[in-house]
Amino acid sequence: MARARSEERRAEILRATLEVIAERGYRGATLGAVAERVGLTQQGLLHYFPTKEALLVAVLEDRDRWDTGGGRVGDEEGAWRLELLGSLVEYNAMRPVIVQTFSALLGESVTEDHPAREFFTRRYTQVRAGMAATLRAECGDTLPGGLSPERAAVLLVAVMDGLQYQWLLDPEAVDMPGAFGDFLGLLKGPSDGPEAP
């Protein structure tokens with residue numbers, strides 16, 4: 001019972017952290033602000049997460065678990081089908097706070113001293129490998145446009161993340177799921193079906 005309550009409390013803290021980071025950015029988010037939001041003292045919060053960096057990594061890992069239903073994003077063994085990637089983009093369009101937090105942290109993480117830099121570097125290595133495995137399984141060793149799955153994977157990840165930024169800035173003008181579907185169509189090349197008259 002105590003363990004279940006502890007897990008509930010950790011989940012509550014992670015949700016509150018997402019909100020605070022979305023509002024203030026990582027550098028502006030304080031442990032005190034998170035603690036206040038969940039009704040704890042800062043010392044009480046440190047019982048669950050010993051440092052701000054540990055809390056940040058837990059938030060990012062949780063976000064990836066939500067996206068994959070418990071697996072790791074980009075695991076080659078659990079490579080996504082391309083249609084499921086489209087579903088993930090649709091799902092992200094329904095949760096702007098999480099997308100905003102992820103995007104803000106990603107942008108901040110490019111600085112040398114950011115505590116999430118290692119997480120994102122490792123994550124992108126895994127994601128590119130997983131996307132390449134997906135593309136190879138569905139399209140073979142060469143995509144219709146002549147790209148290898150590894151080269152196309154870099155573009156696929158860039159489109160997913162770039163669309164998120166554009167959508168966050170102007171959600172009325174950017175149809176994130178539709179644009180991603182258009183890009184998948186370009187990657188796969190023309191269908192083999194009969195041409196329209």
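Structure: see above.
Residues numbered from 1 in each chain as written. Predicted model: local features only at pLDDT ≥ 70, side-chain atom pairs only at ≥ 80, totals over all residues. Heavy atoms only, no water.

J.: For this particular structure, what's the right way to read the environment of L45?
T.: For L45, the position within the fold is in helix α3 (residues 42-48). Considering only alpha carbons, one finds L45 and L55, ten residues apart in sequence, at a separation of 9.6 Å. Beyond its immediate sequence surroundings of up to four residues, L45 is in contact with I13, L31, V34, A35 and L40. (Helix = DSSP H or I, 4+ residues; strand = E, 2+ residues; numbered from the N terminus. Contact = heavy atoms within 4.5 Å.)

J.: Where do I start with the nonpolar core in this structure?
T.: Generally speaking, nonpolar side chains in soluble globular proteins are found buried as a group. Within the largest apolar cluster, 51 residues are counted, with the highest numbers of intra-cluster contacts made by L60, F120, M131, L135, L156, F180 and L187. Every element with two or more residues in this core is listed here: α1 (2-28), α2 (31-37), α4 (52-68), α5 (82-92), α6 (96-108), α7 (117-139), α8 (149-169) and α9 (176-188). Every residue in contact with F180, bar those within four places of it in the chain, is listed here: L85, G86, V89, L156, V159, M160 and L163. (Core = buried A, V, L, I, M, F, W, Y, C linked by side-chain atoms within 4.5 Å. Buried < 20%, exposed > 50% of the residue type's maximum accessible area, 1.4 Å probe, protein only.)

J.: I'm lost on α7 in this one. Help?
T.: It helps to recall that an α-helix has 3.6 residues per turn; residues three or four apart then point in one direction. The end-to-end C-alpha distance of α7, which contains 23 residues, comes to 32 Å, matching closely the 33 Å that a straight helix rising 1.5 Å per residue would cover. Of all the residues in α7, the buried ones are F119, F120, R123, Y124, V127, G130, M131, A132, A133, T134 and L135. (Expected span 1.5 Å × (residues − 1).)

J.: Help me understand the side chain of D161 in this model?
T.: Relative to the helices and strands, D161 resides in helix α8. No salt bridge is formed by the buried D161, whose closest oppositely charged neighbour, R123, lies at an N-O distance of 5.2 Å. (Lys, Arg positive; Asp, Glu negative; His and termini not counted. Salt bridge = Lys/Arg side-chain N within 4 Å of Asp/Glu carboxyl O.)

J.: Looking at this model, I keep getting lost on the packing of aromatic side chains. Mind explaining?
T.: Geometry of an aromatic ring pair is reported as the spacing of the ring centres plus the angle between the planes. Enumeration over the complete set of coordinates arrives at two aromatic pairs. Between the aromatic rings of F102 and F120, the centroid separation amounts to 5.4 Å while the plane-to-plane angle is 70 degrees, which identifies the pairing as edge-to-face. Of this pair, F102 sits in helix α6 while F120 is found in helix α7, placing the two residues 18 residues apart along the sequence. Exposure remark for F120: the relative accessible area of 3% places this residue in the buried category. On the basis of an interplanar angle of 85 degrees and a centroid distance of 5.4 Å, the ring pair of F119 and F120 is categorised as edge-to-face. F120 shares its class with F119; the two are buried. Pairwise contacts between aromatic rings join F102, F119 and F120 into one cluster. Across the ring face of Y124, the terminal group of R123 is positioned such that the distance to the ring centre comes to 5.9 Å. (Phe/Tyr/Trp six-rings, centres within 6.5 Å; stacked < 30°, edge-to-face > 60°. Lys NZ or Arg CZ within 6 Å of the ring centre and 35° of its normal.)

J.: Where do I start with the packing of α1 against α6 in this structure?
T.: The description of two packed helices rests on the angle between their axes and on the distance between the axes. Here α1 crosses α6 at 25 degrees, and the two axes come no closer than 9 Å. Between α1 and α6, the angle is such that the two are roughly parallel. By crossing handedness, the relation of α1 to α6 is classed as left-handed. Side by side, α1 and α6 meet where L18, I21, A22, G25, Y26 and R27 of the first sit next to V97, I98, Q100, T101, L105 and E108 of the second. Taken together, the residues of the contact of α1 with α6 sort by class into seven nonpolar, three polar and two charged. (Axes fitted to C-alpha atoms, helices over the stretch in contact; angles between N-to-C directions. Parallel < 35°, antiparallel > 145°, perpendicular 65-115°, else oblique. Left-handed = near helix turned anticlockwise from the far one by under 90°. Nonpolar A, V, L, I, M, F, W, Y, C, P; charged D, E, K, R; others polar.)

J.: Could you clarify how one ought to interpret the pattern of salt bridges in this entry?
T.: Applying the stated criterion across every chain, the model contains eight salt bridges. Taking the shortest distance from any N to any O, the salt bridge between E112 and R117 comes out at 3.7 Å. Exposure remark for R117: the relative accessible area of 29% places this residue in the partly exposed category. The partner of R136 in a salt bridge is D141, and the shortest N-O contact between them spans 2.8 Å.

J.: Sorry, what's going on with empty space enclosed by the protein here?
T.: In this approach the atoms are scanned with a rolling probe the size of a water molecule, which exposes any empty space left behind. Here the structure, examined in full by the defined rule, presents two cavities of 30 Å³ or more. What the second largest cavity holds in volume is close to 60 Å³. Lining the second largest cavity we find T17, I21, Y26, A29, T30, L31, V34, K52, L55 and L56. Secondary-structure elements contributing two or more residues to the lining of the second largest cavity are α1, α2 and α4. Residues of the lining of the second largest cavity, tallied by class, amount to seven nonpolar, two polar and one charged. (1 Å grid on protein atoms, 1.4 Å probe; cavity = no way out; pocket = protein on both sides within 12 Å on 5 of 7 lines; lining within 4 Å. Points joined across faces, edges and corners; volume = space filled by probe spheres on them.)

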